[in-house]
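# Structural overview for review
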Amino acid sequence: FQQDYFTDENRVLKKDPQQDYHLEYAMENSTHTILAFSRELHTCDTNDKSITESTVRVIWAYHPKDMGEAGQNYHGSNRGAKSLRLLNPEKEVVLSASLPYFDLTNKDVPIPEKDTTYWCQMFKIPVQHEKHHVIKVEPLIQKGHENLVHHILLYQCSSNLNDSVLDYGHECYHPNMPDSFLTCETVIFAWAIGGEGFTYPPHVGLSIGTAADPQFVLMEVHYDNPTYTEGLIDNSGLRLIYTPVIRKYDAGVIEAGLWVSLFHNIPPGMPEFVSEGHCTLECLEEALGAERPAGIHVFAVLLHAHLAGRAIRMRHFHNGEEQKLLAYDDEFDFNFQEFQYLKEERTILPGDNLITECHYSTVDRIRMTWGGLSTRNEMCLSYLLYYPRINLTRCASIPDIMEQLQFIGVKEIYRPVRQTWPFIIKSPKQYKNLSFMDAMNKFKWSRSEGLSYNELVLKLPVNVRCSKTDNAEWSIQGMTALPPEIERPYKTEPVICSSSSCLRCSVFLTLLLLVHVTVSTIGNIGPFV
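Computed from a prediction, not measured in an experiment: that's the story for all the values here. (Residues numbered from 1 in each chain as written. Predicted model: local features only at pLDDT ≥ 70, side-chain atom pairs only at ≥ 80, totals over all residues. Heavy atoms only, no water.)

### Here's the deal with helix α4 (residues 447–459)
Put simply, the test is: Numbered from the N terminus, helices here are DSSP runs of H or I no shorter than four residues, and strands are runs of E no shorter than two. A helix is expected to span 1.5 Å multiplied by its residue count minus one. For each residue, the accessible area found with a 1.4 Å probe, counting protein chains only, is set against the maximum for its type, and the residue is called buried under 20%, exposed over 50%, and partly exposed in between. Arc definition: directions from the helix axis to the C-beta atoms. Residues are treated as being in contact if the distance between any of their heavy atoms lies within 4.5 Å.
Taking 1.5 Å per residue, 13 residues should reach 18 Å; α4 reaches 19 Å between its end C-alpha atoms and fits that length. Taken together, the buried positions of α4 are Gly450, Tyr453, Asn454, Val457 and Leu458. Take α4 and look down its axis: the buried residues cluster within an arc of 130°, on one side only. Turned more than 90 degrees off the buried face of α4, the exposed positions are Glu455 and Lys459. In this fold, the buried residues of α4 make contact with β21 (265–266), β22 (273–279), α2 (402–407) and α3 (436–442).

See below:
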């Protein structure tokens, strides 16, 4: 007995007059009840949510007894939820159990009693003198620390280091951080909370073992401890599975979006605020023109923001013409961030530009939200996995700060800026001797002021960040560029409700939902995923 129901704001279940869910088959044994069902991705029913490539929050509940004439039985504690990408599952590739691997894991790291800690540990890649390809990376998250470990970044470091840097880990971005850590600028892999393992496509791998490959790597682990829990010790990290069978292409990673800084800021009380990070035409023209005029091929993207993030889009322009979105998540979930495989690889050419567009909500905040490392700060980043590898590691932007200050009425700041960071204001009187952060918080923000400010920052000139490996820079680095004139807001593709146009999509969804529906167990057997 299966029917299509929906719920209202009072959590009351109501039978949907438009029945869009169709039972494919059902099976029950002594421990499990399995229901396999299908529906169109776009039903055009106001009581249904469209199923897209964005994150879908699947909520499940069950009662050990069948529903009787009295109607629905209350599930009690037999319920749960999981964020998934129903249309972008991990590629199921069976790897040989005999493949070699190595683990990069922290060793008994004490987590401080503060909300945000970035811990850095240097490792030496054990595979030397012969080329291999890493073909899968798996997170090794210590049991019980699934919410503590927010993300892990793996950086390539200078090849001029020696084994003396391996002795100990240290808090990242700390004044006493070892100088050797500063040589680690090139991101070679990224994992974020909720993500599973990542398998490279069969023609691509992460190269290790040659002089051009990483010999020393820095693992940066972001610990999120908002409750200031004491006595936490962590041993999380990554497992890299590799093969001596060389694949056709070496993979690379480009970090794109907004350079993480206080120049990225969001007023309080805003139901929606949009920030944009630019991988500029100028940067891609120079880097691709020199390294790969035929272009690079993107095969996966990780979209990254923090707690205020609500949606992220990666927009792609070729010779000024907007292409289909490279990647998007209109239902962004801070606790579920992983690489999205692209359905079709996308070629990025000289003359292209990319925009990481982040949507935020700060309706529950009374002070400015700043770009920064804490999960209470914000980021707007995209990590692009591509091939063949070129010497471009970061393609990002920073918005101009002076016009932001002028918006709130600042007339003059003390100079030189380097000695008064973060910007001490000289005039007018109401902001005198305040840092620009204090001045922005002192300004009386209203929603109309916030909207006007949003319109301003999207049109501001940007400082170009265009980086190579080993802390080198392309010549365009530090230059000022104007953001391209683009259509805002982004025009989404029209939804097609015709059942014939999406028959194959329905079947595909059936197979995915089969996996998740099996969590409904009966009797005294607990739910499983």
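### Describing unusual backbone geometry
For the bond from Tyr387 to Pro388, the omega torsion is -15°, close enough to zero to count as cis. Its place among the elements puts Pro388 in the loop between β30 (381–387) and β31 (394–399). With an omega of 10°, the peptide bond between Ser427 and Pro428 qualifies as cis. In this structure, Pro428 sits in the loop between β33 (425–427) and α3.

### Quick word on the state of the cysteines
Here is the idea: a disulfide is a covalent bond, and it sits between the sulfur atoms of two cysteines. Here is the rule we go by: When the sulfur atoms of two cysteines come within 2.5 Å, that pair is taken as a disulfide.
By the definition in use, this model includes five disulfides. The disulfide partner of Cys157 is Cys184, and the gap between their sulfur atoms is 2.0 Å. Handedness of the Cys157-Cys184 disulfide follows from its S-S torsion of about 105°: it is right-handed. Of this pair, Cys157 sits in the loop between β11 (149–156) and β12 (170–171) while Cys184 sits in the loop between β12 and β13 (186–192), and the two are 27 residues apart along the sequence. Overall, Cys184 belongs to the buried group, its relative accessible area being 5%. Residue Cys358 pairs covalently with Cys380 via a disulfide, S to S 2.1 Å. When the S-S torsion is 95°, as for the bridge of Cys358 with Cys380, the disulfide is right-handed.

### Considerations on the domain arrangement of the protein
What counts, and what does not: Delimitation of the domains relies on an automatic or database domain assignment.
Per the domain assignment, the segments making up the protein are domain 1 (5–84) and domain 2 (91–249). Domain 1 and domain 2 are separated by 39 Å when their C-alpha centres are compared.

### Some points on the environment of Leu148
Note on placement: Leu148 falls in the loop between β10 (132–140) and β11. Overall, the relative accessible area of 8% leaves Leu148 in the buried class. Excluding its chain neighbours within four sequence positions, the residues that come into contact with Leu148 are Ile111, His222, Tyr223, Asp224, Asn225 and Leu232.

### A short note on helix α1 (residues 281–291)
Looking at α1, one finds that the buried residues are Cys283, Leu284, Ala287 and Leu288. For α1, the buried positions fall inside an angular range of 95° around the axis, keeping them on one side.

### Observations regarding the confidence of the model for the protein
What counts here: pLDDT: the predictor's confidence for each residue, scored from 0 to 100.
In this model, the protein carries a mean pLDDT of 87, and residues with pLDDT of at least 70 account for 91%. Per-residue pLDDT stays below 50 along residues 499–505; that stretch engages in six contacts with residues further than four places along the chain or on separate chains.

### As for empty space enclosed by the protein
To keep things clear, this is the line we draw: Any residue with an atom within 4 Å of a point lines the site, the site being either a cavity, points on a 1 Å grid over the protein atoms alone where a 1.4 Å probe fits but cannot get out, or a pocket, an open set with protein on both sides within 12 Å along at least 5 of 7 lines. Grid points are joined across faces, edges and corners, and a volume is the space filled by probe spheres set on the points. Gly falls in the polar group here, along with every residue not listed as nonpolar (Ala, Val, Leu, Ile, Met, Phe, Trp, Tyr, Cys, Pro) or charged (Asp, Glu, Lys, Arg).
For the structure on display, the rule yields two cavities of 30 Å³ or more. Empty space within the largest cavity amounts to approximately 160 Å³. Take the lining of the largest cavity: its biggest share by element is four residues, from β22. For the lining of the largest cavity, the per-class residue count stands at 10 nonpolar, six polar and one charged. Approximately 40 Å³ is the volume attributed to the second largest cavity. Here the lining of the second largest cavity is built from residues that sort into eight nonpolar, no polar and no charged.

### Remarks on a nonpolar patch on the surface
The criterion, for reference: Residues forming no salt bridge and having over 30% relative accessible area are the ones grouped into patches, like charges within 9 Å of each other and nonpolar side chains (Val, Leu, Ile, Met, Phe, Trp, Tyr) within 5 Å. Throughout, the Shrake-Rupley method with a 1.4 Å probe supplies accessible areas, and for residues the shown protein chains are the sole cover considered. Basic side-chain nitrogens of Lys or Arg form a salt bridge, by our definition, when they fall within 4 Å of a carboxyl oxygen of Asp or Glu.
A surface patch of nonpolar side chains, about 260 Å² in accessible area, is lined by Tyr5, Leu13 and Met67. Residue position: Tyr5 is located in strand β1 (residues 5–7). On the basis of relative accessible area, Tyr5 is assigned to the partly exposed category, the value being 36%.

### Remarks on the sheet that holds strand β27 (residues 340–348)
Backbone hydrogen bonds hold the strands of a sheet together, and the pairing may be parallel or antiparallel. For clarity, the cut-off: Strands pair, by our definition, only if DSSP identifies at least two bridges between them.
If you walk across this open sheet you meet the seven strands as β27-β23-β30-β20-β31-β34-β35, and the pairing is mixed. Every interior strand has two partners, whereas the edge strands, β27 and β35 (480–481), have only one. In this sheet, β35 lies alongside strand β34 (residues 462–467) in antiparallel orientation, the contact comprising two bridges. Looking at the pairing, Asn463 lines up with Thr480 of β35.

### Here's the deal with the nonpolar core
One broad rule of soluble globular proteins: the nonpolar side chains tend to lie buried together. Worth spelling out the cut-off: We define the nonpolar core as a collection of buried residues of types Ala, Val, Leu, Ile, Met, Phe, Trp, Tyr and Cys that are connected through side-chain atoms lying within 4.5 Å of one another.
Counting residues in each nonpolar core, the largest one holds 61 residues, and the members touching the most others are Leu384 and Leu392. Each residue touching Leu384, except ones within four places of it in the same chain, is listed here: Gly252, Val253, Ile254, Ala256, Val298, Ala300, Val301, Met314, Leu326 and Leu354. One finds Ile111, Ala190, Leu240 and Ala251 within the second-largest nonpolar core, a separate group that totals 58 residues.

### Points about the environment of Leu238
For Leu238, the location among the structural elements is in strand β18 (residues 237–243). Residues Leu238 and Ile141, spaced 97 residues apart in sequence, show a C-alpha to C-alpha distance of 8.1 Å.

### Concerning the sheet that holds β11
Strand order in the open sheet formed by five strands is β12-β9-β16-β11-β13, and the pairing between neighbours is antiparallel. Edge positions in the sheet fall to β12 and β13, since each has one partner strand and no second. Bridge count for strand β9 (residues 116–124) against β12 is two bridges, and the pairing is antiparallel. The residue bridging Trp119 from the neighbouring strand is Glu171, located in β12.

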